[in-house]
Amino acid sequence: MKSLITTFVKYPFYANIIIAILIFAGGFSILKTKKSFFPERTSKFINVSVSYPGASPKEMEEGITTRIEEALRGIVGIKEITSNSFENFARVSIETTGQFDLDETLMEVKNAVDGISAMPIDAERPIVSKSRSFTQAIYLGLSGDVDLSTLKKYAQEIEDDFYASGIMSQISLQGFPNLEISVEVTEEDLLRYNISFDEISRAISQNNRDISAGMIKSDEEEILIRSRSRSVKPANIGEIILRANNDGSFIRIRDIATVKNKFADVSSLSLMNGKNAVYIMINKLNNEDLEEISVFCNAYVEKFNKIHKGIELIVTFDFLGMLNSRLDMLLSNGGLGLILVIVTLALFLSFRLSLWVAWGIPSAFLAMFIVANLYGITINMISLFGMILVIGILVDDGIVIGENIFTHYEKGKTPKQAAIDGTMEVLPAVTTSVSTTIIAFTPILFLSGRMEFLREMAFVVIVSLFFSLIEAFFVLPAHLASPHILRRKSRKSKIRKILEKFINFMKNKIYGRILKIIIKWKWIAVTMPVFFLFLTIGLIQGGFIKYTIFPAIPFDMFKIDIAFKPSDGEKQTFKYLQKFDKIVWQVNDELQFTCWTYSNYAW
């Protein structure tokens, strides 16, 4: 190890090559690294869904869910099977171990489900699909003083534009029920024509469908016989004949009923600022970039609002904004840390030395981004948390090595010899100090299940600390060995003399006396940490100290939940919603008035 350090000190060209590689390759990696709100994980889930109209949850469990579970028992690579049986519908979720290719497991599951021969006759064909891993990107709201059908039409046009961009692929629309074809008939017309609901239903099901009648073959050609009568247009359904009269006339559906497209009759209403609203939810896949999605959507919102009047498209929540706030925190903390390191070392040691020691922070992050980009890690809330966590540790080894090199130089050694001896003297201690932190974070790399996303935090910490160690052992001594960095000054400044007196006072009068007491009463010194450890455990177990996995982060929104009795209708619900909506706007006006009053008073 000493010969390698000596080589870098004698030939600083190698250290300069490392710095150049870090700057260019690290900068390129940062620009290439994608952004996401949460870490991206490979999907391990396969879903099986079956529809069975008219079946109760018990019938779904006994006739479908149990049979699917039995068919999947012999498949290798399945970790856990979770099933849910509802009215008319059943869903089976399969979690794989991740040791085998998901597509191969998907094919085995599909073959096993298709091989079930005892499915109910009226049950629809099972749908087997794999879950895609995605994270949230951006939420938008479309509102205006128009009916819900118009809003839906505009929302679908926006959805088509988003798909056509090629930037995003996971888009969903919410805020309106499903469309259905409504055939409405009055009791008076049913009695007048002596027609029942069953006749109308039977006429539609028998006439509004596609029928294949086989094929006619000849030596010259083949003719397929098909009747394509299925239609979703209300006008075509209205033309269906219900009954033929003796005089040759017909009774059609349009003669006794009103056929139209309308939303399903469900108790659902979405409002935004008191107006009808449709919401557009956009998620991102692993191969998509959060920043590209956010930039495109915000530009589209601005363009849309300029063209359309009476309808407003707004961004209700942008996950990139929260990610950028965490990134700003990292940059501010890193910048502040660099300034403090430079100022502190400049006061006690040397300004130029402090610059090279502070270089340890950006160099470790540049190297980390190179490796992270190769492993497909994104800039997300968890990886940024790891960077913020490790930023205060990165420069510690550089400070220790730099200070020890400066001490050897003050003893009369040449800069190169001081760099070699100073580095070798603290090498075991620095290696042990950084290695213990790396070892402490290593178990997080093996987490699985819901806590798997913490792996990226551990990856960032471990890789950054490893490269900070490399930089401190080879690059830092090579540059501190320069006579331009380590040079003797003829006289010390007044500030330096005052600082040295203060350090000597703290070292000899304060720390020295406390150290003597601790050495004399060593059993008390050993017992006190153990005492506080058990005291802390007792406070946690007693409920005096609360703990949680994730802290409660205040958002700029809140939610109101209202529960009614089952017999209460939607009118009462809407009445209370209007009441709360009115109260919220009153409070908003009061807060604005209060802020205006305070601002005028301060002025």
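Below, the structure is looked at part by part. Values in this document were obtained by computation on a predicted structure and should not be read as measured data.

Take the overall build of the chain next. Each helix and strand counted, the chain has 20 helices and 15 strands in total. For the chain, the C-alpha radius of gyration of 36 Å lies well beyond 25 Å, the compact-globule estimate for 603 residues. Split into buried and exposed, the 603 residues of the chain put 35% on the buried side. The contacts of the chain with a sequence gap of at least 6 include a subset with a gap of at least 24, amounting to 73%. Split by element, the accessible area of the chain, about 38,300 Å² in all, is 59% carbon and sulfur. In the chain, 65 side chains carry a positive charge and 63 a negative one; their mean positions are 17 Å apart.

Once that is clear, we can look at the sheet that holds strand β4 (residues 127-130). Strand order in the open sheet formed by 4 strands is β2-β3-β1-β4, with antiparallel pairing between adjacent strands. Every other strand in the sheet has two partners, leaving β2 (78-86) and β4 as the edge strands with one partner each. Neighbour-to-neighbour, the strand axes of the sheet open up by a mean angle of 15°, direction not taken into account. When strand β1 (residues 45-51) meets β4, the two strands line up antiparallel, connected through 4 bridges.

The subject of this paragraph is the packing of aromatic side chains. Tallied over the entire structure, the rule returns 10 aromatic pairs. Ring geometry for Y139 versus F319: centroids 5.3 Å apart, planes at 85°, classification edge-to-face. Placement of the pair is Y139 in strand β5 (residues 134-144) and F319 in helix α11 (residues 319-348), with a sequence separation of 180 residues. A residue is classified by how much of its surface remains accessible, and F319, at 8% relative accessible area, is buried. Their ring planes at 65° and their centres at 5.0 Å tell us that F162 and Y300 sit as a pair that is edge-to-face. Taken together, the positions of F162 in helix α5 (residues 148-165) and Y300 in helix α10 (residues 290-307) put the pair 138 residues apart, joining distant regions of the chain. You'll find F162 and Y300 in the same group, each marked buried. Among the aromatic side chains, those forming a connected cluster through ring pairs are Y154, F162, F296, Y300 and F304.

F162, I282, L313 and F365 are the most contacted members of the largest nonpolar core, which totals 97 residues. No other element matches the 16 residues that helix α17 (residues 455-480) contributes to this core. With residues near it in sequence (within four places) discarded, F365 still touches L330, M387, V390, I391, L394 and S464.

Moving on to helix α2 (residues 13-32). Here α2 is 20 residues long and its end C-alpha atoms lie 28 Å apart, about the 28 Å a rise of 1.5 Å per residue gives. Every buried residue belonging to α2 is among A15, I19, L22, G26 and S29, and all of these are buried. Projected down its long axis, α2 shows its buried positions confined to an angular sector of 115°, all on one face. Along α2, the residues that are exposed and aim more than 90 degrees away from the buried face are F13, F24, F28, L31 and K32. On the buried face of α2, the contacting elements are α1 (2-10), α12 (351-358), α13 (360-375) and α17.

Side-chain pairs of opposite charge can arise where the charged atoms are in close proximity. Counted under the stated rule, the structure contains 3 salt bridges. For K110, the salt bridge is made with D114, and the minimal N-O distance between the two is 3.9 Å. In this pair, K110 and D114 both sit in helix α4 (residues 102-114), 4 residues apart, roughly one turn of the helix. Under the relative-accessibility criterion, D114 is labelled partly exposed at 38%. Between K306 and E302 there is a salt bridge, with the nearest N and O atoms lying 3.7 Å from each other. Residue K306 and its partner E302 are both found in helix α10; the two are separated by 4 residues, about one turn of the helix. The exposure class assigned to K306 is exposed, which follows from its relative accessible area of 58%. Judged by relative accessible area, which is 48%, E302 ranks as partly exposed.

Once that is clear, we can look at the packing of α1 against α17. Two numbers describe a pair of packed helices, the interaxial angle and the distance between the axes. It is at 8 Å that the axes of α1 and α17 come closest, and there the two elements cross at 35°. Like other packed secondary-structure pairs, α1 and α17 cross with a definite hand, here right-handed. Judged by residue contacts, L4, I5, F8 and V9 of α1 engage F473, F474, P477 and A478 from α17. Split by residue class, the contact of α1 with α17 holds 8 nonpolar, no polar and no charged.

Turning our attention to the side chain of E471. On the secondary structure map, E471 appears in helix α17. Among all residues touching E471, those that are not within four sequence positions of it are W356, W359, G360, S363, L476 and P477.

Attention now moves to the environment of L285. Counting through the fold element by element, L285 comes out in strand β14 (residues 275-285). As for L285 and D561, which are separated by 276 residues in sequence, their C-alpha atoms are 32 Å apart. Those residues in contact with L285, other than ones at most four positions away along the chain, are E40, R132, S133, F134, S169 and Q170.

Here we come to the side chain of N283. The residue N283 is located in strand β14 in this model. Every residue in contact with N283, bar those within four places of it in the chain, is listed here: F134, T135, Q136, A137, Y139, Q170 and E288.

Conventions and cut-offs
Residues numbered from 1 in each chain as written. Predicted model: local features only at pLDDT ≥ 70, side-chain atom pairs only at ≥ 80, totals over all residues. Heavy atoms only, no water. Helix = DSSP H or I, 4+ residues; strand = E, 2+ residues; numbered from the N terminus. Rg over C-alpha atoms; globule rule 2.2 N^0.38 Å. Buried < 20%, exposed > 50% of the residue type's maximum accessible area, 1.4 Å probe, protein only. Contact = heavy atoms within 4.5 Å. Areas by Shrake-Rupley, 256 points an atom, 1.4 Å probe, with all protein chains shown as cover. Lys, Arg positive; Asp, Glu negative; His and termini not counted. Charge placed at Lys NZ, Arg CZ, Asp CG, Glu CD. Pairing = 2+ DSSP bridges. Axes fitted to C-alpha atoms, helices over the stretch in contact; angles between N-to-C directions. Phe/Tyr/Trp six-rings, centres within 6.5 Å; stacked < 30°, edge-to-face > 60°. Core = buried A, V, L, I, M, F, W, Y, C linked by side-chain atoms within 4.5 Å. Expected span 1.5 Å × (residues − 1). Arc of directions from axis to C-beta. Salt bridge = Lys/Arg side-chain N within 4 Å of Asp/Glu carboxyl O. Left-handed = near helix turned anticlockwise from the far one by under 90°. Nonpolar A, V, L, I, M, F, W, Y, C, P; charged D, E, K, R; others polar.

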